[in-house]
Structure formats: structure tokens, C-alpha cells
Amino acid sequence: MKKILFVCLSLMLAAGFMAGCGGQKAANDAPKKIVIGLDDNFPPMGFLDEKNEITGFDVELAKEAAKRLGTEVEFKGIDWASKEAEIQSGRIDALWNGLEITEERKKNLLFSEPYMNDQQVIFKRANDASIAKEDDLKDKIVATQSASGTAEDYVDGHKDVTGYKDVKKYADYLSAFMDLENGRVDAIVCDEIIGRYYMSKHPDKIAALDGHVGPVTQFGVAYRKDDTALKEKMQKVLDEMRADGTMAKISEKWFGKDITKL
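Only a predicted model underlies this, so the values are computations on that prediction, with no experimental measurement involved.

### A look at the environment of Glu113
Then, in step 1: You can see Glu113 is positioned in the loop between β7 (110-111) and β8 (116-125).
Then, in step 2: Exposure remark for Glu113: the relative accessible area of 46% places this residue in the partly exposed category.
Then, in step 3: Each C-alpha atom, one on Glu113 and one on Glu232, is 10.0 Å from the other, the two residues being 119 residues apart in sequence.
Then, in step 4: In this structure, Glu113 is in contact with Phe219, Gly220 and Gln235, ignoring residues within four places of it in sequence.

### Considering the nonpolar core
Then, in step 1: The biggest cluster of nonpolar side chains holds 61 residues, and the ones touching the most others in it are Phe57, Trp96, Tyr115, Met116, Phe177, Met234 and Phe255.
Then, in step 2: Per-element accounting of this core gives the leading share, six residues, to helix α2 (residues 57-69).
Then, in step 3: Both of domain 1 (33-115 + 220-255) and domain 2 (118-216) provide at least three residues apiece to this core.
Then, in step 4: Those residues in contact with Met234, other than ones at most four positions away along the chain, are Ile34, Ala65, Leu69, Trp96 and Tyr223.
Then, in step 5: Listed in part, the 11 residues of the second largest apolar core include Trp80, Ile92, Leu99 and Phe111.

### Some words on the pattern of salt bridges
Then, in step 1: All chains considered together, the criterion is met by 18 salt bridges.
Then, in step 2: Here Arg68 ties to Asp244 by a salt bridge, and the two come within 2.9 Å at their closest N and O atoms. Within this pair, whereas Arg68 is found in helix α2, its partner Asp244 is found in the loop between α8 (228-243) and α9 (246-255), the two being separated by 176 residues in sequence.
Then, in step 3: Judged by relative accessible area, Arg68 falls into the partly exposed class, the value being 30%.

### A look at the environment of Val121
Then, in step 1: Structurally, the position occupied by Val121 is in strand β8.
Then, in step 2: Counting along the chain gives 91 residues from Val121 to His212, while the straight-line C-alpha distance between them is 4.8 Å.
Then, in step 3: Each residue touching Val121, except ones within four places of it in the same chain, is listed here: Ile188, Val189, Cys190, Glu192, Ala208, Leu209, Gly211 and His212.

### Remarks on helix α5 (residues 150-163)
Then, in step 1: The end-to-end C-alpha distance of α5 is 19 Å, a good match for the 20 Å that 14 residues give at a rise of 1.5 Å each.
Then, in step 2: Along its length, α5 reaches its greatest deviation from straightness, about 35°, at Gly157.
Then, in step 3: For α5, the set of buried residues is Ala151, Glu152, Tyr154, Val155 and Thr162.

### A short note on α8
Then, in step 1: For α8, built from 16 residues, the straight-helix expectation of 22 Å at 1.5 Å per residue is met to within 8% by its first-to-last C-alpha distance of 22 Å.
Then, in step 2: Looking at α8, one finds that the buried residues are Leu230, Lys231, Lys233, Met234, Gln235, Val237, Leu238 and Met241.
Then, in step 3: Immediately downstream of α8, the backbone of Gly245 shows phi near 90°, a positive value.

Rules and cut-offs
- Residues numbered from 1 in each chain as written.
- Predicted model: local features only at pLDDT ≥ 70, side-chain atom pairs only at ≥ 80, totals over all residues.
- Heavy atoms only, no water.
- Helix = DSSP H or I, 4+ residues; strand = E, 2+ residues; numbered from the N terminus.
- Buried < 20%, exposed > 50% of the residue type's maximum accessible area, 1.4 Å probe, protein only.
- Contact = heavy atoms within 4.5 Å.
- Core = buried A, V, L, I, M, F, W, Y, C linked by side-chain atoms within 4.5 Å.
- Domains from an automatic or database assignment.
- Salt bridge = Lys/Arg side-chain N within 4 Å of Asp/Glu carboxyl O.
- Expected span 1.5 Å × (residues − 1).
- Bend = angle between axes of the 7 residues up to and from the residue.

Next comes the structure, spelled out in C-alpha cells:
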């Protein structure tokens, strides 16, 4: 009888131990799948390529992070204007697409630590020696994108201060850069991520001035307010990717330079 009781007790303790271990493992494991919402027409952060496959700088970061977590990742194109409703409804788990961290957004979203800065940079023709600094834009034709926010505000606010000859505003930056190459404008003020991506495709034609103009904002990954577990797991691998140089390597691929330094 004592032997039977001992065996039963041992089995019960073993079962309890295994259940405890299993519960601990479940608490530490990442979800089997993470659904990331993005505007799939925002190169170079996230967009559909010629094969209709999702790609981009943020997409590569997210894929590497998910790989390190041992979880599957799905990218879902959403109406970017409804991004907060999408994540709060549970249809997506994170927003990762060049999303600026703002105090207003923090009211409804849980943000990661910033992973890169978003700043405005002046771009010119590579062979134009007449522009070496911001003051050299005096009597020059300066371009930007209409309704571009920070860049347009900067150009409008400095037109008379610097003394631009004229300001041209375009529906998209691609048209502006084409006109820059063709000599129809002398410089472009735009987001560094967009300008450096274009410059990486035309390295002998476009150059960037050192430094930035206007205010600097920061990009982060956003989660549901109560999803602290996912945020902490993802933050750990993002920190690892920064420390081991993976983030810099991905940045150099897309922008020709590591622009993830904070």
C-alpha cells in the first residue's frame, strides 16, 4: 500500500510540475502568428513590387523580427486612415509602416521604442556644385510634394527667409525628382527615407546635403494598448537587431546608408 501511495503521489507531483512548466512556457512563447497592418503603397517602407509581392524596409525588419521570435507573420494592406480602428478591432496585431510617434496617437496605441528618425533633407543634382548648404538655395527653384506635411511647411516657411526664386509643389515625389534630374528645379526638400531610396536607385545623379532641416520626428511600431506582452517580445528582438548590426544592414540595402541611428 505504501508503495502504491508513493507511486501515486510521485505521479501527481510530476503531473503538477509538468503543468507548471507548460504554463510557464505558454506565458513566454510568442504568438503563433502576427498580423501586421500597413499601407501597401508606401515605398520604400512597405509596397507591392512588380511581382505583386509585399516588400520594403519595414517589411524586411518585421520578417527578421518574426523569424527571431519563431512566429509566422502576415502583412495586411489596410485603409491607413482607419489604422487605429483596424488594430483596436483585433483584425491586425501591429502597425508597422513608417508610423510617426505622436502624443495624440499614444492615447490610443502602445508604441515600441523609436527605431529610426524621420527628418527632412535637401536633395540636389550630384553635379551641381553651386549648392553645398541650405543658404545656397537663395535664388534657386525648390520643390516639394503638396500636402506632404513637415516638408511643405518647411518650404513655405523658408521661401522668403532664404530667398528662393520659386517653389514648385508636386503631386508625388517621383515627378519632383525627375524634374530635378532634368534641371527644371534645383533642389527638393523631402523625407530622408523617400529621398535616399530614390538616390540609391540613381546614385550618380542625386546627392543629399549633410544634416537635416526642420523638426525631427521618430518612427515606431504600434500595438493595442493592452498588448504589452507582444510589445516587450518584439522590442527585445529589435534591440538585438540593432546591436548585432542587422538593422543597419537592412537600412544600407534600402537607403544606401544606415539611417537608423537615433
